[in-house]
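Take a look at the letters that make up each chain.
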Amino acid sequence: MSADPEIDAWRAEWVRLASGAHDSPVDARSGAVRQQFRLRAWHVLELSSAVAFLAFSAALFWRHPTPETCLWVAIVWASTLIATKFSVWNWHILWQADVKSVAEYASAYEKRCLATLRAVRFSLWFLAVLLTISVPWLLLDFARGRILYGGLLSRFAILGCWILGLWLLAKRQRRIALIELEEVRRSQDIPPEAAGSTVGE
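Every residue gets a number counted from 1 within its own chain, in the order that chain's sequence is written. Only residues with pLDDT of at least 70 get local features here, since the model is predicted, and only at 80 or more are side-chain atom pairs given and counted; chain-wide, interface and lining totals rely on the full set of residues. Each side-chain value is derived from all of the structure's non-hydrogen atoms; neither hydrogens nor water enter the calculation.

What follows covers the overall build of the chain. Per the convention used, a helix needs a DSSP run of H or I reaching at least four residues, while a strand needs a run of E reaching at least two, with both numbered from the N terminus. Summing up its helical and strand segments, the chain has six helices and zero strands in all. Moving toward the C terminus, one meets the helices and strands of the chain in the order α-α-α-α-α-α. Burial status follows relative accessibility: with a 1.4 Å probe on protein chains alone, a residue under 20% of its type maximum counts as buried, one over 50% as exposed, and anything between as partly exposed. Classification of the 201 residues of the chain by burial places 32% in the buried group. Only the protein chains shown count as cover for residues, with accessible areas throughout obtained via the Shrake-Rupley method and a probe of 1.4 Å. When the accessible surface of the chain is totalled, it reaches about 12,700 Å², and 69% of it is carbon and sulfur.

Here's what the structure looks like:
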């Protein structure tokens, strides 16, 4: 018998819930805690990046208060605030009170997997919108003679590397979320066809 009654109660409940599983069950508690820590760190990084981006755009407008800069800053602020609002709504589950039972850990684990998939889909759409705005903007500056051909190529290279990096990161996050979702649903004996209907992509 362990000196910690909470651990003993959790272990007994886990054995009771997992006794009928056909495969090795997911360690719901430790897996959910690791997942929560990783996603919390990622969410804090997202919010910090949004604040830094807003501050940078405001400082740029302060130094160059032209109508074109004002329009660019307005687009940046609108898109960043929309993305931040979605992020806060999507990840509110990360900051809820900690759960205790194994069933609650498994449920929270699954909900965070689905939130990750929603975040990935939103990120890909958001990247497409940014690309749609950025490319015509750069071409317009080139047509007006504000940047030379070499500058246009370098900016396209930077934009392309940034988009590619975020796309690869989003695909990696999606792959991890799908693997975790499959594991937790297999541990709960949910049929594969039912899991696939919820994942969507």
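That covers the picture; the talk isn't over yet.
By nonpolar core we mean a set of buried residues, namely Ala, Val, Leu, Ile, Met, Phe, Trp, Tyr and Cys, connected to one another through side-chain atoms within 4.5 Å. By size, the foremost hydrophobic cluster in this structure holds ten residues: Ala32, Tyr105, Ala106, Tyr109, Cys113, Leu114, Leu117, Ala177, Leu181 and Val184. Listed by contribution, the elements that provide at least two residues to this core are helix 4 (102–143) and helix 5 (149–187). Among the elements that line this core, the one with the most residues is helix 4, at six residues.

Before going further, it helps to spend a moment on the environment of Leu139. In this fold, Leu139 is placed in helix 4. Not counting the four nearest positions on each side in its chain, Leu139 is found in contact with Leu152 and Phe156. Working rule for contacts: check all heavy atoms of both residues, and any pair within 4.5 Å makes them a contact.

Let us look at the pattern of salt bridges. Think of a salt bridge as a Lys or Arg side-chain nitrogen and an Asp or Glu carboxyl oxygen that are within 4 Å of each other. Applying the stated rule across the entire model yields one salt bridge. For Glu180, the salt bridge is made with Arg38, and the minimal N-O distance between the two is 3.4 Å. Here Glu180, found in helix 5, pairs with Arg38, found in helix 2 (residues 28–63); they are 142 residues apart in sequence, far enough to count as distant. Classification of Glu180 as buried rests on a relative accessible area of 10%. The exposure class of Arg38 is partly exposed, given its relative accessible area of 32%.

To continue, consider a nonpolar patch on the surface. A contiguous nonpolar patch, built from Phe142, Tyr149 and Leu153 and spanning about 310 Å² of accessible area, is present on the exposed surface. Mapped onto the elements, Tyr149 comes out in helix 5. Patch membership requires more than 30% relative accessible area and the absence of a salt bridge. Residues of like charge join within 9 Å; the nonpolar side chains Val, Leu, Ile, Met, Phe, Trp and Tyr join within 5 Å.

With that settled, consider the confidence of the model for the chain. For the chain, mean pLDDT is 75; residues scoring 70 or higher make up 74% of the total. The pLDDT value tells you how sure the predictor is about a given residue, anywhere from 0 up to 100. Across the chain, element-level confidence peaks in helix 3 (residues 67–90) with a mean pLDDT of 86 and bottoms out in helix 6 (residues 192–199) with 43. Contacts of residues 13–26 to residues separated by more than four positions or lying in other chains number 20 contacts, the stretch itself having pLDDT below 50.

The next thing to look at is the packing of aromatic side chains. Aromatic pairing here means that ring centres of Phe, Tyr or Trp (its six-membered ring) are within 6.5 Å. Orientation follows from the plane angle: under 30 degrees is stacked, over 60 is edge-to-face, and everything else is tilted. Under the criterion given, the structure shown has four aromatic pairs. With 4.1 Å between their ring centres and 15° between their planes, Phe86 and Phe122 make a pair best called stacked. Note that Phe86 is positioned in helix 3 and Phe122 in helix 4, a separation of 36 residues in sequence. Classification of Phe122 by relative accessible area gives partly exposed; the value is 24%.

Let us now look at helix 3. Helices are assigned an expected span. That span is 1.5 Å times one less than the residue count. For helix 3, which comprises 24 residues, the first-to-last C-alpha distance of 34 Å matches the rise-based estimate of 34 Å (1.5 Å per residue) to within 8%. Residues of helix 3 that are buried: Thr69, Val73, Val76, Ser79, Thr80, Ala83, Phe86, Ser87 and Asn90.

Moving on: the environment of Val88. Relative to the elements of secondary structure, Val88 occurs in helix 3. Of the residues examined, Val88 reaches a relative accessible area of 44% and is grouped as partly exposed.

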